[in-house]
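# Tertiary structure, described
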Amino acid sequence: GTGRAAGGCSTVSVAFPLTMMITGIVGNALAMLLVSRSYRAKKSRRKRSFLLCIGSLALTDLLGQLLTSPIVISVYLSNRAWDAVDPSGHLCAFFGFSMTVFGLCPLFIASAMAVERTLAIRAPHWYASHMKTRVTKMVLLGIWLAVFTFALLPVAGLGQYTLQWPGTWCFISTGDSQLTGSLFFASTFAILGLLSLVVTVVCNLATIEALVSRCRTKATASRSSKQWGRIAMETLIQLLGIMCVLSACWSPLLITMLKMIFSHTSFEHCKGFSGEAQSSELHKECNFFLTAVRLASLNQILDPWVYLLFRKILLQKFCQAASAVSKCSNNEWKERSITLSEEIRRTTA
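Residues numbered from 1 in each chain as written. Predicted model: local features only at pLDDT ≥ 70, side-chain atom pairs only at ≥ 80, totals over all residues. Heavy atoms only, no water.

## Some thoughts on the UniProt feature "transmembrane region" (unreviewed entry) in the chain
According to UniProt, the positions carrying the feature "transmembrane region" (unreviewed entry) are residues 14–37, 49–73, 93–115, 139–163, 183–212 and 233–255. As annotated, residues 14–37 comprises 96% helix and 0% strand, and the C-alpha atoms at either end are separated by 35 Å. Between the end C-alpha atoms of residues 49–73 the distance is 36 Å, and the span holds 100% helix and 0% strand. (UniProt positions renumbered as here; feature names shortened; annotations may be inferred. Helix = DSSP H or I, 4+ residues; strand = E, 2+ residues; numbered from the N terminus.)

## Let's talk about the environment of Ala 292
Secondary-structure assignment places Ala 292 in helix α9 (residues 280–326). By relative accessible area, Ala 292 is classed as buried at 1%. For the pair Ala 292 and Leu 254, spaced 38 residues apart in the sequence, the C-alpha separation amounts to 8.7 Å. The contact partners of Ala 292, leaving out residues within four places of it in the chain, are Cys 249, Pro 252 and Leu 253. (Buried < 20%, exposed > 50% of the residue type's maximum accessible area, 1.4 Å probe, protein only. Contact = heavy atoms within 4.5 Å.)

## Quick notes on the side chain of Thr 162
Checked against the element boundaries, Thr 162 lands in strand β3 (residues 161–164). Exposure remark for Thr 162: the relative accessible area of 12% places this residue in the buried category.

## Considering a nonpolar patch on the surface
The grouping of Leu 59, Leu 63, Leu 66, Leu 67, Phe 94, Leu 141, Trp 144 and Leu 145 at the surface amounts to a nonpolar patch, some 660 Å² of accessible area in total. Of all the elements in the fold, those that place two or more residues in the nonpolar patch are α2 (45–77) and α6 (133–151). Counting residues per element, the nonpolar patch draws most heavily on α2, at 4 residues. Here Leu 145 lies in helix α6. For Leu 145, a relative accessible area of 52% corresponds to the exposed category. (Patch = residues over 30% accessible without salt bridge, like charges linked within 9 Å, V, L, I, M, F, W, Y side chains within 5 Å. Areas by Shrake-Rupley, 256 points an atom, 1.4 Å probe, with all protein chains shown as cover. Salt bridge = Lys/Arg side-chain N within 4 Å of Asp/Glu carboxyl O.)

## Overview of the packing of helix α4 (residues 90–122) against α6
Here α4 crosses α6 at 150°, and the two axes come no closer than 9 Å. Considered as vectors, α4 and α6 are oriented roughly antiparallel to each other. You can see that α4 and α6 cross each other, and the crossing is right-handed. Mapping the contact onto sequence places Phe 97, Thr 100, Val 101, Leu 104, Cys 105, Phe 108, Ile 109, Ala 112 and Glu 116 in α4 and Thr 136, Val 139, Leu 140, Ile 143, Trp 144, Val 147, Phe 148, Phe 150 and Ala 151 in α6. Across the contact of α4 with α6, the residue classes break down as 15 nonpolar, 2 polar and 1 charged. (Axes fitted to C-alpha atoms, helices over the stretch in contact; angles between N-to-C directions. Parallel < 35°, antiparallel > 145°, perpendicular 65-115°, else oblique. Left-handed = near helix turned anticlockwise from the far one by under 90°. Nonpolar A, V, L, I, M, F, W, Y, C, P; charged D, E, K, R; others polar.)

## Digging into the pairing of β3
In terms of strand pairing, β3 meets strand β4 (residues 169–172) through 4 bridges, oriented antiparallel. When the sheet's bridge partners are listed, Thr 162 is paired in β4 with Phe 171. The loop that links β3 with its antiparallel partner β4 comprises 4 residues; one of these, Gly 167, has a positive phi angle of about 85°. (Pairing = 2+ DSSP bridges.)

## Re the packing of aromatic side chains
Tallying each qualifying case throughout the model produces 7 aromatic pairs. On the basis of an interplanar angle of 90° and a centroid distance of 5.1 Å, the ring pair of Phe 97 and Phe 148 is categorised as edge-to-face. Taken as a pair, Phe 97 in helix α4 and Phe 148 in helix α6 lie far apart in primary sequence, 51 residues in all. Classification of Phe 148 as partly exposed rests on a relative accessible area of 41%. Grouped by ring-pair contacts, the aromatic residues Trp 169, Phe 171, Phe 189 and Phe 289 constitute a single cluster. (Phe/Tyr/Trp six-rings, centres within 6.5 Å; stacked < 30°, edge-to-face > 60°.)

Rendered as structure tokens:
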């Protein structure tokens, strides 16, 4: 997470990164606790595979918060003097590396989950015979290793991590047109991120279409049609939530990066602007870039709520509303809630 700027660099608050760190740690830790308990209880390979993905996403987001937020807070407490905290420049490289790893990994894991969900819904027989828990573990390990290797390219001289405005964080350099390696690394990051977003959206839309068509085929069976309607609605809300959160959090940063790469500009020039001394257009661009980075960091906080916690809350609220309307007994309601929960997990896992 990065800091908040208003009216240039004059008023920047440490409250923003501090709040983001606490919220992110609590949300992801809670998600990991719920996943751990469910994973030990489930014997189904399909459910375990889904839980592995959720747990990996929460772990990745939690590590991202723990490794980056304390550095930002330390810089703020040093009056935003990065050089005082990191005279050697090694911390800047580590911060940029962490931003890259914990930026791409959640995007790729979200794509893998979207692909898995589509296969489970559209090709259930193939999924049941081919998708083992071991395959899920190998895919997740492959994602981590691939992204980790990619993020190390600047160490090998291909690409560069530099200090970004307002001097509280480091990220991939986009404006050095002299270095082909820097442009290649920055553009590859942005293109990979956008591709993963496209895969997630396309797969989720395919899953939604399959759910809707399945609901229509079940409409003839009066007893199961209402239950399927509830299952489909819950799943549709979750899938739409995933697409909206991922797109809103990552699209601004990734598109802005591509725009900077093609125009050979960098937001490192934001360091020197002082409000009226520079054009208001530059002022707006600098603030927009900072907002885009904040949104990308916000994704680490929202992930556990969209994928796990919010779904449970939605389910409980739906259950309470249905119970109040029908005035059914507690025992009958518990049974209904458990059945619906199992059906949703079976559908989305």
